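An overview of the molecular structure
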Amino acid sequence: MVIDERLIRKLDFDKITERLAGYCLLPRAREIAEALSPYDTQAQVRDALAETDEGRALLRVNPLFSVRGAKEVRPLLERCLRGGTLIPEEFLQIRDTLKAARQVKQSLLEGKTEAPHLQEIALSMDSPKAVEDEISRCITEDGFVADQASPQLMENRRSIMRLQQRIRDSLEGIIRNPSHQKILQDPIITQRSDRYVVPIKQEYRQAFAGIVHDQSASGATLYIEPMAVVNMGNELREVILKEQREVQRILLQLSAQVEGEAERIADVHEGLAQVDFIVAKSHLSESMNAGAPELTDRQEIKLVQARHPLLSGEVVPLNIELGKSFDTVIITGPNTGGKTVALRTVGLLAAMAQSGLHIPAEANSRMGIFTRIFVDIGDEQSVEQSLSTFSGHMKNIVEIVQEADSRSLILLDEIGAGTDPTEGAALAMSIITELHERGCRIIATTHYGALKTFAYNTPRVENASVEFDIETLRPTYRLLIGIPGKSNAFYIAGRLGLGAAVLEKAKSFVTERDMQVADLIDNLEDTQRDIEREKSRIQEERHSIELESSKLKEKSLRLEEDYQERLAKTQDEATELLRQTRREAEGLIDELKQALKEEHKDQHAIERTRQKIKQLSSKVGAQERTAGTSSGGGLRPEEIMLGQTLYLTKLRQKGHVLKLPSVSGEILVQVGVMKLNVPLSEVRLVKEDKVSMPQRAETFGQGRIGKSKAENVRSEIDLRGMMVEEATEALDKYLDDAVLTGVGLVYIIHGKGTGALRAGIQDFLKGHPHVQSFRLGQHGEGDLGVTVVDLK
């Protein structure tokens, strides 16, 4: 054990285990939680923290996971081992526990969460399925022995039902007999002493033959078993006794079966308790918003934004390091400033971490393993301390000095207090020096100014203080490492109204050196605040940049995935279109052959037609292969020449090379009025067109566009200078050719002018069957002088 039981309460560790026990469902798990104490080896601590990590991960995936359904079965197993017999409800508790263990095991072994420690526990739970099944067969859910528990029991219960029905039928005949109406108190059948009776009026006792089993409180009614059913009642009683003996035999048999598997059932129950305990640790971690610290081989402590887990409300986080640059911290400052809270926080979090519990601190916190944790924290915070208090503290310190070593963590509150300040300070320095030279990790609080100088002059000893707001006269509870505390007595007295003359007189009793030290401390505090503010600002900016970078990476990944998905879909659609074209061509051959056969036409003409269509099909197939190849590999830089016509696979349009490939592998291409930088992987070679599209409006005006082939159509048409009617006629023919060649996006150049030509063209486009949508050109596309059309 690394911490004595009597010191547990000093750090409030028992309150943590009490909260932990509150999350446990099984009494055995609560016992484990209440007995929890810090481990003293790194392997034990690492495994315990890993269990808590696994529990947190499990609850994130399955927040409702628990061992609910399991019961406390240890007393039941002990009774069976002593030869006792369980009652049906107790068998159900054992059955429910075995069932819960089976479900927990399945959930842990088949779940998506990696949980080696929990899975190891699950594998150890070898639940006796035969016992569970036998209990389920023999005991009903409402806690009775089932009829099918044995053939004899079923036969006995059937006999009971038959006899009960015969008795009822006989009694029904009696109470319905008109001659008995006047002697019956009520025409009902009831039971007394497990015998069937009818209520008879007292005055007719002699007129009704039977056995009296009971009478009413007033004596006016007698409950008589008629002689006609006495023999059947006796027979029923015998069968009931047989049924009870058979039930007892079945329960005894089940108890013997449980006794035979008692060890396995106990192991299963222990495994469930361990799982319950780990889940409870995870729930405690969630409630504190805690996490596992990083473990280190050295005796180090680094707490970042640590919070005392038992404090509620607005808690000022603690930042402290120990064991890296310095091994001892001496905290000075005013009363109620938070010195003792800081001490308790460090000690409690160290004990929690070494017990396998998560601590309420940031993820970059770090903890070493201490073989002993010594605590001397007094509950009294008063100015006046008696000799007995000093003696009590000194007794603890004597024990610490005798037992501490280099792997010890020592927490000393108000060391040397309760006696003469000079002697107390000297004693405190001596004790700290002794422990410091042994290599202990020490945090001590004090009011003595002499210890500030001691900390400055001693290697690996550091001053610290709790910040005090002199404006509000309240502590801020922030721990400042490297700066000793000060009393602020003169300033506080002045704020509270003490006269200036009195203050000046008081300052005259203080040496000039002490005043210089006070000023130096003021400057150090101001510098430290500036550093902390700048550090906080830098951390916030860094966090913001990391967050933004993460968002951009995520967005880039989504865009890339979307692009790849769209590209694959487009390629599939293109391939399917080509295949459909071939199928239609073959169908056309069959139709033509059939038509010619019917009309007795020349078979040679049919064969020539078939050969032509085969050539068309081969050409389509070659285009498909070319499209597949170009979409995969792209072109090499040496294949590119200025002025060359290329096909852009993404835009499904042709363009001309304006600039050779750059170092990044991109080329500048002009597509219509646009100039684009395109990667080599997104272009392929095409044959240069011999017949180009006329570019001036006058050509369209002369009507020569009708001679052009669809595959020679460019992605733009210039209609400037035309009348609306002439322009729409030329545009209609152009759109037909564009659709035939597969151009998806075209640019209509109509100029800005008065806007009449633009309006007429857009009115024409609204009802055109080939037009999917259209818009005005953007910057770099011609602005208002161009309309961009997306074809179907």
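A few points on the structure. (Residues numbered from 1 in each chain as written. Predicted model: local features only at pLDDT ≥ 70, side-chain atom pairs only at ≥ 80, totals over all residues. Heavy atoms only, no water.)

1. Some details on the overall build of the chain
For the chain, the count of helices and strands is 22 helices and 23 strands. Taken over 792 residues, the chain has a buried fraction of 42%. Counting only contacts in the chain whose residues sit at least 6 apart along the sequence, the fraction spanning at least 24 positions is 66%. (Helix = DSSP H or I, 4+ residues; strand = E, 2+ residues; numbered from the N terminus. Buried < 20%, exposed > 50% of the residue type's maximum accessible area, 1.4 Å probe, protein only. Contact = heavy atoms within 4.5 Å.)

2. Quick notes on the pairing of strand β15 (residues 645–648)
With burial as the criterion, each face of β15 is covered, one bearing T645 and Y647 and the other bearing L646 and L648. As paired strands, β15 and strand β16 (residues 653–659) are joined by four bridges and run antiparallel to one another. Looking at the pairing, Y647 lines up with K654 of β16. Bridge count between β15 and strand β19 (residues 683–685): three bridges; the pairing is antiparallel. Its bridge partner lying in β19, L648 is registered against V683. (Pairing = 2+ DSSP bridges.)

3. Overview of the pattern of salt bridges
One pass over the full model with this rule turns up 37 salt bridges. Note that R195 is salt-bridged to E225, the shortest N-O span being 3.1 Å. One end of the pair, R195, is in strand β2 (residues 195–201); the other, E225, is in strand β4 (residues 221–226), and 30 residues separate them in sequence. Taking the relative accessible area as the measure of exposure, E225 reaches 1% and is therefore buried. A salt bridge links R542 to E546; the nearest nitrogen and oxygen atoms lie 3.2 Å apart. (Salt bridge = Lys/Arg side-chain N within 4 Å of Asp/Glu carboxyl O.)

4. Topic: the nonpolar core
If you look at the biggest cluster of nonpolar residues, it comprises 92 residues, and the most contacted ones within it are I94, I139, L272, V275, L303 and M352. Of all the elements, helix α11 (residues 262–288) adds the most residues to this core, at 12 residues. In this structure M352 touches F13, I16, M288, P309, L357, H358, I359 and P360, once residues within four positions along its chain are discounted. M394, I400, A428 and L435 belong to the second-largest nonpolar core, a separate cluster that totals 23 residues. (Core = buried A, V, L, I, M, F, W, Y, C linked by side-chain atoms within 4.5 Å.)

5. Side note on the sheet that holds strand β8 (residues 328–332)
Ordered by their spatial adjacency, six strands build an open sheet running β10-β11-β12-β8-β13-β14, and the pairing between neighbours is mixed. Unpaired on one side and paired on the other, β10 (372–376) and β14 (474–481) mark the two borders of the sheet. Across the sheet, the axes of successive neighbouring strands diverge by a mean angle of 15°, strand direction being ignored. Inspection of the sheet shows strand β13 (residues 461–469) paired to β14 by five bridges, in the antiparallel sense. Bridged to D469 within β14 is R474. Sitting on the sheet, helix α15 (residues 450–457) touches β8, β12 (441–446) and β13, and the angle it makes with β13 is about 135°. (Axes fitted to C-alpha atoms, helices over the stretch in contact; angles between N-to-C directions.)

6. Notes on the packing of aromatic side chains
Tallied over the entire structure, the rule returns zero aromatic pairs. Directly above the aromatic system of Y223 lies the positively charged group of R192, at a separation of 4.1 Å from the ring centroid. (Phe/Tyr/Trp six-rings, centres within 6.5 Å; stacked < 30°, edge-to-face > 60°. Lys NZ or Arg CZ within 6 Å of the ring centre and 35° of its normal.)

7. Side note on the sheet that holds strand β9 (residues 366–367)
Sheet architecture is open: four strands sit in the order β5-β9-β6-β7, paired in mixed fashion. Looking along the sheet, the strands with just one partner apiece sit at the ends: β5 (294–295) and β7 (318–322). Pairing geometry for strand β6 (residues 301–306) and β9, over two bridges, is antiparallel. Each bridged residue has a counterpart across the sheet, and for I301 the counterpart in β9 is M367.

8. A look at helix α7 (residues 116–124)
Where α7 is concerned, the buried positions are L118, Q119, I121 and A122. Viewed end-on, α7 has its buried residues packed into an arc of 155°, placing them on one side of the element. For α7, exposure combined with an orientation more than 90 degrees from the buried face picks out E120 and L123. For α7, the elements touching its buried residues are α4 (42–61), α6 (88–110) and α11. (Arc of directions from axis to C-beta.)

9. Some thoughts on unusual backbone geometry
In the Ramachandran plot, D194 falls in the positive-phi region, its phi being about 60° despite a non-glycine side chain. Note that D194 resides in the loop between β1 (190–192) and β2. Of note in this structure, N289 is not a glycine but carries a positive phi near 55°. Within the secondary structure, N289 sits in the loop between α11 and β5.

10. Describing the packing of α4 against α7
Two quantities define a packed helix pair, namely the angle between the axes and the distance from one axis to the other. Where α4 contacts α7, the axes come no closer than 8 Å and their chain directions differ by 90°. The angle between α4 and α7 falls in the class roughly perpendicular. Packed against α4, whose contacting residues are D47, A50, E51, E54, G55 and L58, the element α7 presents P116, H117 and L118 at the interface. Classifying every residue of the contact of α4 with α7 gives four nonpolar, two polar and three charged. (Parallel < 35°, antiparallel > 145°, perpendicular 65-115°, else oblique. Nonpolar A, V, L, I, M, F, W, Y, C, P; charged D, E, K, R; others polar.)

11. Some thoughts on helix α5 (residues 74–81)
Every buried residue of α5 is accounted for by L76, L77 and C80. Mapping the buried residues of α5 onto a view down its axis gives an arc of 100°, with all of them on the same face. For α5, the secondary structure elements touched by its buried residues are α6, α10 (230–260) and α11. Directly after α5, the chain includes G83, whose backbone phi takes a positive value near 90°.

12. Some details on the environment of G782
Secondary-structure assignment places G782 in the loop between β22 (771–776) and β23 (786–791). Between the alpha carbons of G782 and M674 there is a distance of 8.7 Å; along the sequence they are 108 residues apart.

13. Observations concerning the environment of R237
By secondary structure assignment, the location of R237 is in helix α10. Residue class for R237 comes out partly exposed when judged on its relative accessible area of 32%. The sequence separation of R237 and L163 amounts to 74 residues, and the corresponding C-alpha distance is 9.8 Å. Not counting chain neighbours up to four residues away, the residues in contact with R237 comprise D194 and R195.

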